[in-house]
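# Residue-level structural notes
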Amino acid sequence: MRFFKAITILTILLCISATVAQDKSEIEHTIDSKVFGKKRSVKVFLPNRYNRDSISNYAVTYVLDAQHQIFWDAAKGNIGYMVDNYSVIPMIVVGVVSDNRGSEFDPSATKLQEHLKNEIFPLIEKNYRTDGFKTILGHSWGGAFVGNTIFSDKRDMFDAYIGISPSFGNKDNVIVKHADSLLKNNTKFGKYLYFSHGDVGRREIEFASYVNSIDSLLKKYPNKTIAWQPRPIERVGHWQIVGPSICDGLISMSRNYFADQKVFEDFASNGDLKTQLDQFNKNQKEVFGYIHEASVGYLNFVGNDFKSQDKYDIAIQIYQMALVKKPNDVRLNLSVSDLYDKMDKKDLAKESFLKSKKLLEAQKSDFSENYYKNTSEWIDEMLASYK
């Protein structure tokens, strides 16, 4: 009976998480661009979590080539899924629509950088809850824009740079030359940089050479202020590499600024979690100027996963970190109660379930009728088992 009630509660939670008004997720803006001298479109995608949470601020990932609907759909779909499942830092997605990608992405052009800085950034910051952190993501010729921007005096436009199968595409190889000059002078970046390439077809052979050129420079001139992630992806060509790189690039990027589940697993094998987490946050903040601290919801999510693996000592450390942030969170306290029961610490479990019951009653209006009913019954059943 207890098992089925737990399943029922989990099902209710999942249904609530999956429900969101679809008309709030996508918005398209029109800018009367002074830079380009005409109207320009900007697309915005808000993940489900953004509409469920009216308080938190979000990072922003700017996706080039949003004029190609199928590419834009792939980007926003993958990113939205990862955000809602705690796989990356919370972010909204902005699609940059280009009328002529060749001229706009060319390393000698500056209009798109001006358009972003002076027209798109203010629009997004005015209308959405942003935390100041910006990522740029571009594929192929868009990768040239990524490389050209980070290795220039405009590098502070973004905090993280993701180039997928980048086509530097300039016979003078100016991007590599600029990178060489900046790295040779030990320039302080404070940026994350990801370039991926495949190994199928002529394009990937050529574009791998650009990625390898940057890799060689960073080995020649090590720079601790660039979190450099070259990523060769086997058995994919120029178009197949897009999906894997969007996910891999943003997961890897997020891990540089956020102690995700993988980081927690690594820490758990080395001793005290909190000490390592505090040191991680301090180090990354000092070098890269930004850190995303784990939310209570995320800590509860990770703690539950460790609990499901019977790693109770790790789970309780994570729950305790979350309780410091939000001691009266009902779901978190229920997780702790259930953990004590599984650890056969009946006195602590009873005490925790009693606290959870009081919190649930006090916050009854915040929950659906079904959630309240099923949770109340589960708590009463657990308390009855301790008599």
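## A short note on the environment of M253
- Residue placement: M253 occurs in helix 9 (residues 242-257).
- Using a relative accessible area of 0% as the deciding quantity, one classes M253 as buried.
- Once the C-alpha coordinates of M253 and D338 are considered, the two residues, 85 residues apart in sequence, prove to be 34 Å apart.
- Discounting residues that sit within four places of it in the chain, M253 has contacts with I89, M91, F133, T135, A160, I162 and Y192.

## Quick look at the nonpolar core
- Membership of the largest hydrophobic core comes to 75 residues, with the highest contact counts inside it found for M91, L250, M253, F264 and I318.
- At 8 residues, helix 13 (residues 312-325) tops the list of elements feeding residues into this core.
- Leave out the neighbours within four places in its chain, and F264 touches A259, L273, L277, Y298, L299, V302, F306, I318 and M321.

## Regarding the pairing of strand 2 (residues 38-45)
- As judged from the 8 bridges shared by strand 1 (residues 26-33) and strand 2, these two strands associate in the antiparallel manner. Residue S33 lies in a different strand from strand 2, and its bridge partner there is K38.
- Taken together, strand 1 and the strand that follows it, strand 2, pair antiparallel across an intervening segment of 4 residues, in which G37 is found at a positive phi of about 70°.
- Direction of pairing for strand 2 relative to strand 4 (residues 91-96): antiparallel, over a ladder of 4 bridges. Bridged to V42 within strand 4 is V96.

## Points about helix 5 (residues 111-127)
- The first and last C-alpha atoms of helix 5 sit 23 Å apart over 17 residues, in line with the 24 Å expected at 1.5 Å per residue.
- Helix geometry: helix 5 is bent most strongly at I120, by close to 35°, with proline P122 lying one to four residues after it.
- Where helix 5 is concerned, the buried positions are L112, Q113, H115, L116, E119, I120, F121, L123 and I124.

## Brief notes about the packing of aromatic side chains
- A complete count under the given rule lists 23 aromatic pairs for this structure.
- On the numbers, 6.1 Å between centres and 20° between planes, the contact of F207 with Y210 is stacked. Of this pair, F207 and Y210 both sit in helix 8 (residues 202-220), 3 residues apart, roughly one helical turn. Here F207 and Y210 have matching classes, each one buried.
- Each ring, one from F353 and one from Y386, has its centre 6.4 Å from the other, and the planes form 35°; the classification is tilted. Of the two residues, F353 sits in helix 15 (residues 346-362) while Y386 sits in the segment after helix 16 (369-384), which places them 33 residues apart along the sequence.
- Judged by its relative accessible area of 0%, F353 is buried.
- The class for Y386 is buried, based on a relative accessible area of 16%.
- By way of ring pairs, the aromatic residues F168, F195, F207, Y210 and W228 are connected into one cluster.
- Positioned above the aromatic ring of Y371 is the side chain of R331, whose terminal nitrogen or guanidinium carbon lies 4.9 Å from the ring centre.

## Examining unusual backbone geometry
- Even without a glycine there, the phi angle at N186 is positive, about 55°.
- Structurally, N186 is set in the loop between helix 7 (174-184) and strand 7 (191-197).
- Judged by its relative accessible area of 56%, N186 is exposed.
- One non-glycine residue with positive phi stands out, namely D344, at about 65°.
- Turning to its location among the elements, D344 is positioned in the loop between helix 14 (330-342) and helix 15.

## Some thoughts on the sheet that holds strand 2
- Taken in spatial order, the 8 strands make up an open sheet running 1-2-4-3-5-6-7-8, and their pairing is mixed. A single partner strand is all that each edge strand has here, and the edge strands are strand 1 and strand 8 (226-232). Going from strand to strand, the sheet's axes swing by 20° on average, the running direction of each strand aside.

## Description of the side chain of D65
- Relative to the helices and strands, D65 is located in the loop between strand 3 (58-64) and helix 3 (69-84).
- Discounting chain neighbours no more than four positions away, the residues touching D65 are F71, V96, R101, F105 and H139.

## Overview of the pattern of salt bridges
- A full pass over the atoms with the stated rule returns 24 salt bridges.
- A salt bridge links K38 to D99, with the nearest nitrogen and oxygen atoms 3.2 Å apart. Placement of the pair is K38 in strand 2 and D99 in the loop between strand 4 and helix 4 (101-105), with a sequence separation of 61 residues.
- A relative accessible area of 39% means that K38 is categorised as partly exposed.
- A salt bridge links K262 to D266, with the nearest nitrogen and oxygen atoms 2.9 Å apart. Remark: D266 and K262 occur in helix 10 (residues 261-268); sequence separation between them is 4 residues, near one turn of the helix.
- The exposure class assigned to D266 is partly exposed, which follows from its relative accessible area of 35%.

The rules we used
- Residues numbered from 1 in each chain as written.
- Predicted model: local features only at pLDDT ≥ 70, side-chain atom pairs only at ≥ 80, totals over all residues.
- Heavy atoms only, no water.
- Helix = DSSP H or I, 4+ residues; strand = E, 2+ residues; numbered from the N terminus.
- Buried < 20%, exposed > 50% of the residue type's maximum accessible area, 1.4 Å probe, protein only.
- Contact = heavy atoms within 4.5 Å.
- Core = buried A, V, L, I, M, F, W, Y, C linked by side-chain atoms within 4.5 Å.
- Pairing = 2+ DSSP bridges.
- Expected span 1.5 Å × (residues − 1).
- Bend = angle between axes of the 7 residues up to and from the residue.
- Phe/Tyr/Trp six-rings, centres within 6.5 Å; stacked < 30°, edge-to-face > 60°.
- Lys NZ or Arg CZ within 6 Å of the ring centre and 35° of its normal.
- Axes fitted to C-alpha atoms, helices over the stretch in contact; angles between N-to-C directions.
- Salt bridge = Lys/Arg side-chain N within 4 Å of Asp/Glu carboxyl O.

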